[in-house]
Amino acid sequence: KPRVLSGIQPTAESFHLGNYLGALRQWVTLQDTHDAFYMVVDLHAITAGHDPQALRRRTRASAAQLLAIGLDPARCTLFVQSQVPEHTQLAWVMSAITGFGEASRMTQFKDKSAKQERASVGLFTYPILQAADILLYDTDQVPVGEDQRQHLELTRDLAGRFNKTFGKTFRLPEPYIPKETAKIGDLQEPGAKMSKSNSVPAGIIELRDTPKSAAKKIRGAVTDTGREIVFDEENKPGVSNLLSIYSVLADTPIPELEARYEGKGYGDFKGDLAEVVVEFITPIAARTEEYLADTAELDKILTEGAHRARAVATATLADVYDKVGFAQPV
Ligand code: TYM
């Protein structure tokens, strides 16, 4: 089976619909066709300032949500990044072959650092750690949203450079980014992506939102001028974003939705979508609470995942250490 790997940061109490539609939904389907490795990237989550207690809680909440949406530890390897020390070790080696200018071109770093008073070096080298995450596992495909594409290009560049310099070691991973859900928009500002750090609360639907709050956010979503419910990203970004969300969650093609709402108003459309969204998130939120009620069991799943991940990661790292000429392991 080809291998997939992906990661998500535990930087909030809840994932949002952008995370789910852009990436996590693909994680679930790929478990059946691929040898799948999925991780909660807590090492990445400390690069922009954090609270230790919140990090520990959110790491577990993240794992619980991943199980709640349908990841199955019997069919995939689910683990926490910091429990596999090889990630940090490989990141150091990769940082030595990354150009300073090359790293400086990462747009996510530029965006995030512009908003901070003192951006950390960790935020700057974040994409190198991400490259290490991927390369440790001989990954074929990486299911992510559009905003991660540049980091995946860097990963491929670094892998190719390492192979050329030290001999064939890494597989070059491909992004897996379905177009329809590559970038889910903010409900209040549909041109911008739905984002943990940038969106106002009314702009994002959280998987752990209460039904009331989620419905209110959908009904309050910004729609465009005109009355037609048609998919037109350029002129109707708000309606188009809602149609994309509706289409995936209700498993109904967009043209069918357009036909269903012909001659009807935004109110009907948003009212129905609110119901679809509430029906979708309610069981996920409930299952998340169930997993969180038994942290011993949750931690056991993650420990087993870390052991499985390490079995792969240690072998790759040993090969890398040998290729770069480090002294024999003691
Ligand atoms: P993170 O935690 O910011 O986001 C997790 C995933 O959600 C996707 N995403 C979206 N997709 C569509 N529309 C949106 N509005 C939207 N918002 C978020 C992201 O693209 C991502 O796939 N750097 C990564 C974490 C990471 C990683 C890795 C990913 C660390 N190591 C190795 C893949 C492989 C990140 O910050 O994701």
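Residues numbered from 1 in each chain as written. Predicted model: local features only at pLDDT ≥ 70, side-chain atom pairs only at ≥ 80, totals over all residues. Heavy atoms only, no water.

Per an unreviewed UniProt entry, the protein goes by Tryptophan--tRNA ligase and derives from Actinorhabdospora filicis. What UniProt records for the protein under Subcellular location (unreviewed entry) is the sentence "Cytoplasm". The UniProt entry for the protein carries the following text under Subunit (unreviewed entry): "Homodimer." (UniProt positions renumbered as here; feature names shortened; annotations may be inferred.)

(A) A look at the site of the ligand. Looking at the ligand, there are 28 residues lining it, with Tyr126, Asp133, Gly145, Asp147 and Ile184 nearest. Between the ligand and the protein, one listed contact pairs a nitrogen atom with a side-chain N or O atom of glutamine 130 at 3.0 Å. Take glutamine 148: an N or O atom from its side chain is 2.9 Å from a nitrogen atom of the ligand. Relative to its unbound accessible surface of 720 Å², the ligand loses 97% to contact with the protein. Every element with two or more residues in the shell around the ligand is listed here: strand 1 (3-8), helix 1 (17-33) and helix 6 (121-135). Of the residues assigned to the shell around the ligand, the class counts are 11 nonpolar, 12 polar and 5 charged. (Near = heavy atom within 4 Å. Polar contact = N/O pair within 3.5 Å; in protein donor to acceptor, adjacent residues only side chain to side chain. Areas by Shrake-Rupley, 256 points an atom, 1.4 Å probe, with all protein chains shown as cover. Helix = DSSP H or I, 4+ residues; strand = E, 2+ residues; numbered from the N terminus. Nonpolar A, V, L, I, M, F, W, Y, C, P; charged D, E, K, R; others polar.)

(B) Up close: the UniProt feature "binding site: L-tryptophan" (unreviewed entry) in the protein. Within this numbering scheme, the UniProt entry marks Asp133 as carrying the feature "binding site: L-tryptophan" (unreviewed entry). With respect to the secondary-structure elements, aspartate 133 resides in helix 6. By relative accessible area, aspartate 133 is classed as buried at 2%. Not counting residues up to four positions away in its chain, the partners in contact with aspartate 133 are Leu5, Met39, Val41, His44, Gln81 and His87. At a separation of 3.0 Å, a polar atom in the side chain of aspartate 133 contacts the side chain of glutamine 81. (Buried < 20%, exposed > 50% of the residue type's maximum accessible area, 1.4 Å probe, protein only. Contact = heavy atoms within 4.5 Å.)

(C) Here's a closer look at the packing of helix 9 (residues 237-249) against helix 11 (residues 266-293). Remark: helix 9 packs on helix 11, axes separated minimally by 10 Å, with the N-to-C direction vectors making an angle of 40 degrees. One way to sum up the angle between helix 9 and helix 11 is to call them oblique. The way helix 9 lies across helix 11 gives a crossing that is left-handed. Facing helix 9, whose interface residues are Val239, Leu242, Leu243, Ile245, Tyr246 and Leu249, helix 11 presents Tyr266, Phe269, Lys270, Asp272, Leu273, Val276, Val277 and Phe280. Each residue belonging to the contact of helix 9 with helix 11 can be placed in one class, and the counts come to 12 nonpolar, no polar and 2 charged. (Axes fitted to C-alpha atoms, helices over the stretch in contact; angles between N-to-C directions. Parallel < 35°, antiparallel > 145°, perpendicular 65-115°, else oblique. Left-handed = near helix turned anticlockwise from the far one by under 90°.)

(D) Just the environment of threonine 314, in detail. By secondary structure assignment, the location of threonine 314 is in helix 12 (residues 295-324). We classify threonine 314 as partly exposed; its relative accessible area is 34%. Considering only alpha carbons, one finds threonine 314 and alanine 119, 195 residues apart in sequence, at a separation of 31 Å. Separated by 3.4 Å, the side chain of threonine 314 and the backbone oxygen of alanine 311 make a polar contact.

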